[in-house]
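Structure at a glance
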Amino acid sequence: MAVDADGLKDGDEAPAIRKPNLKLWAGLTALAFLIHIPLALFYAPEDVAQGAAQRIFYIHVPSAWIGFLAFGVVFVCSIALLATSKRKWDDIAAASAEVGVIFTLAVILTGPIWAKASWGIWWTWDPKLTAVFILLCIYLSYLALRQYVAEPLRRARFCAVLGIVGFLDIPIIVMAVSWWRGEHPSSVLVKGGMPHKDLLVLMMGNLTFTLLYITLLKTRIYVNALKRAKQEEVAG
Amino acid sequence: MNETPMTVTYVVWGYLVAAALYGTYIVRLVIKMHRLERGDDVGPR
Amino acid sequence: MSWLGPASLIARKDLRIEMRTKDVVTSVGLFALLVVVATSFSFPTSGEGRQGVAAGMLWMAFLFSCLLGLGRSFALEKEEGNMEGLMSSPAPRESIYLGKMLSNLIFTGLVELAIIPIFLVLLQLHPGKGIALLVLTAILGTLCIVTVGSLFAAMAVNTRTREAILPVLVIPVAVPVVIASVKATEAAFLGHSVASAQGWLVLLTAYFLVFLMVAFATFPFLLEE
């Protein structure tokens, strides 16, 4: 295993940057959206109380789940990086954190719009939304840390530690915020007993946004690799 | 009955905001990718 | 446990230096006091729910003082070039973390111990039976903050912005600590017993244990060259 000058190890397949098959992934993602959006806007039954506003749910919830997935990926890659010092783990973690922030930002933006439409107020300190907001702050600080450490191996390690701490903090944050808002912790997680049609559209949403995540992740990793090669070319 | 047009407005805004966010990110990423592939430097981020 | 020996040596070194210079305790202590004063002007301190407001103010002071102390503590090591010396010693890396964590706990604890009576007088609070809860919460909450804070401070001093990035790293991660500490402290100000806030105290303890383990597992990687 070659140890590059900056301390991170490259795998045996290192030298050439392979462009991922983005057309395929982007195509699948676009197709999924073409199915999902009409389903969400027309097929999904309207909620009696909330009316049409409920449809935002089909953008809001998948964004949340996939954002959470993204940070889970950061967590796993962080551990792998500390264990092996292989560059690819840092590459994936960095890209996943950035993409995760975008998805989480979507949750924070659509949440208040949904809240305003359903309950008339923008922000209610709802435990789930509050916890997501704190999560967003943690991963923004991750991105900040990436900017402020110059040396690659050190940056990878520091961010890995933050990635691990941040992810393990999530259940504790959820508990603390729920208790703070007077909610019983057990109601925090999965909504049981959704109507059939709603569940179907939600599942489609999750699939769609997962495809979006994979496409964006692969693109970001590729772009970062190109950028690094460019910087080495300029420096060398 | 009065509510429905209001609520639909919010739904539209919700989808538009999400589309704007994701769309902006996608467009910027793709532009960056093409510029790097062509060989231009794109700066620190 | 081979950690405790070197850890206590490091902690005692910090304490010895501090007893001579009194740098950290005075600057952090003054800072804490000024935060208390500033927040007294900014938030209502009378009327309904003032114990909640007071609890929030106290923990803002504690949080920022703790971060200030941690930043200085690690910055000093870096400035003096001590890290290299510590790393080449046979001491296990974990004990470096533990030593710094303990010395910061003691410094911040001393500052808090001084601030609390002043605070109670300034805001006309009478915890009565809640005093035990107040002290216990102060200890646990501070313990939690220095646990993650020491880990991040070791990183922060090695960044372009040095200690300035420490609050950015610690505050989001420490939100549960702030919530739990403030709620428990509010209960203390209202005169409640330790038992009434036990949920919050359990949360603080769990936080401390989880992140102590994470710190022990990951700190060595932060120092490696």
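Residues numbered from 1 in each chain as written. Chains lettered and ligands numbered in written order. Predicted model: local features only at pLDDT ≥ 70, side-chain atom pairs only at ≥ 80, totals over all residues.

**Observations regarding the overall build of chain C**
The number of helices and strands found in chain C is nine helices and zero strands. Taken over the C-alpha trace, chain C has a radius of gyration of 18 Å; the compact-globule value for 225 residues is 17 Å, and the two agree within 12%. Its C-alpha atoms give chain C principal-axis dimensions of about 55 × 30 × 30 Å. By the burial criterion, 47% of the 225 residues in chain C qualify as buried. (Helix = DSSP H or I, 4+ residues; strand = E, 2+ residues; numbered from the N terminus. Rg over C-alpha atoms; globule rule 2.2 N^0.38 Å. Buried ≥ 20, exposed ≤ 12 C-beta atoms within 10 Å, placed from the backbone.)

**Quick word on the confidence of the model for chain C**
Looking at chain C as a whole, its pLDDT mean stands at 90, while 99% of the residues score no less than 70. Here the prediction assigns the complex a pTM of 0.91, and the interface score ipTM is 0.91. (pLDDT = per-residue confidence, 0-100.)

**Some remarks on the nonpolar core**
Within soluble globular proteins, side chains that are nonpolar tend to cluster in buried spots. If you look at the biggest cluster of nonpolar residues, it comprises 146 residues, and the most contacted ones within it are Val-74, Ala-93 and Val-161 of chain A together with Val-148, Phe-152 and Leu-166 of chain C. Val-161 of chain A has contacts with Leu-151, Met-155, Thr-218, Phe-221 and Leu-222 of chain C, leaving out every residue within four places of it along the chain. (Core = buried A, V, L, I, M, F, W, Y, C linked by C-beta atoms within 7 Å. Contact = placed C-beta atoms within 7 Å.)

**A look at the interface of chain C and chain A**
If you look at the interface, chain C gives 27 residues, while chain A gives 27 residues. The set of elements that each furnish at least two residues to the side of chain C that touches chain A consists of helix H6 (131-156), helix H7 (166-173), helix H8 (175-189) and helix H9 (198-223) of chain C. It is H9 of chain C that contributes the most residues to the side of chain C that touches chain A, 10 residues altogether. By residue class, the composition of the side of chain C that touches chain A is 20 nonpolar, five polar and two charged. (Nonpolar A, V, L, I, M, F, W, Y, C, P; charged D, E, K, R; others polar.)

**Regarding the environment of Leu-122 of chain C**
Residue and element names in this part refer to chain C. Counting through the fold element by element, Leu-122 comes out in helix H5 (residues 93-122). Under the C-beta neighbour-count criterion, Leu-122 is labelled partly exposed, with 16 such atoms within 10 Å. Apart from residues no more than four positions distant in its own chain, Leu-122 is found in contact with Val-36 and Ser-40.

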